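# Notes for the structure review
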Amino acid sequence: MSRRIYFWLLAVFLLITAVFMAWRMGVFDVVERVPSPDKTMAAVVSEHCGADKVPIVEVVISGRLSGGSGYLHETYEGLWWSPDSSKYILAMTPVPPIRSRDSLLLGDLEGGDIWLDREVLEELQKTHLADYGFQLDRDGDAVVELSFSQWRQDSREVQLRYTFQDVQGQVHSGTLWYCLSETPIAFDIMDHYIDEIHEET
């Protein structure tokens, strides 16, 4: 075998090996890479299927020693860093649609993950929604759509958009601020809302 053919076969072998290793590492499953505002790290989001074709969203924070976090039965919708780069909001859609709302996860680099949609929904059911009455899903939760709107500049509050239908058939949509004021994080829903009420069409 000539040296030229030998080196050509070696190059092909190394290329195939590199592609295989990249596939095993999930490189081709990456759907978005979101740099932190301070540019010191990035959230690398990938989607793939696990056992029995179960969809999985995985988030790895590059630039940190900690491993990634995986979330079963979810598909990726978006990720937004807080201005101080200490937290992020991860939005996902459940698959199959086992809940009446999308998942909103608060990722805190120091304090771990918290399901923000569950915390907010629990508070809403005791406060704002209780003023109007609301519909329940099969799990007994209020049927409310929640989505991310924006971070406050000090990173201590996050604004969410919400929509729900009351027992009279009127649709309420608006925004609320949720306070993440202490360490470890203590949730406190703000008392003010911007609420628009309109008839369902």
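## Quick word on the pattern of salt bridges
- A full pass over the atoms with the stated rule returns one salt bridge.
- With its nearest N and O atoms 2.7 Å apart, the salt bridge here joins Arg 152 to Glu 157.
- Take Arg 152: its relative accessible area is 31%, and that puts it in the partly exposed class.

## Some points on the nonpolar core
- Of all hydrophobic cores here, the largest spans 21 residues; its most connected members are Ile 89, Leu 116, Val 120, Val 144 and Val 158.
- Aside from chain neighbours lying at most four places away, what touches Val 120 is Leu 146, Leu 160, Leu 176 and Tyr 178.
- With 16 residues, the next largest nonpolar core counts Val 34, Val 57, Ile 61 and Tyr 71 among its residues.

## A few points about unusual backbone geometry
- With a phi angle near 60°, His 73 is a residue other than glycine that sits in the positive phi range.
- Inspection of the secondary structure assignment puts His 73 in the loop between strand 4 (69-72) and strand 5 (74-81).
- The class for His 73 is partly exposed, based on a relative accessible area of 34%.
- In this model, Ser 85 sits at a positive phi of 65°, which is unusual for a non-glycine residue.
- Structurally, the position occupied by Ser 85 is in the loop between strand 5 and strand 6 (87-94).

## Concerning the confidence of the model for the protein chain
- In this model, the protein chain carries a mean pLDDT of 75, and residues with pLDDT of at least 70 account for 70%.
- Here residues 18-28 is modelled with pLDDT under 50, and outside its nearest four sequence neighbours on either side it reaches four contacts, counting other chains as well.
- Below pLDDT 50 for its whole length, residues 183-187 participates in 15 contacts with residues either more than four positions away or in separate chains.

What counts, and where the lines are drawn
- Residues numbered from 1 in each chain as written.
- Predicted model: local features only at pLDDT ≥ 70, side-chain atom pairs only at ≥ 80, totals over all residues.
- Heavy atoms only, no water.
- Salt bridge = Lys/Arg side-chain N within 4 Å of Asp/Glu carboxyl O.
- Buried < 20%, exposed > 50% of the residue type's maximum accessible area, 1.4 Å probe, protein only.
- Core = buried A, V, L, I, M, F, W, Y, C linked by side-chain atoms within 4.5 Å.
- Contact = heavy atoms within 4.5 Å.
- Helix = DSSP H or I, 4+ residues; strand = E, 2+ residues; numbered from the N terminus.
- pLDDT = per-residue confidence, 0-100.

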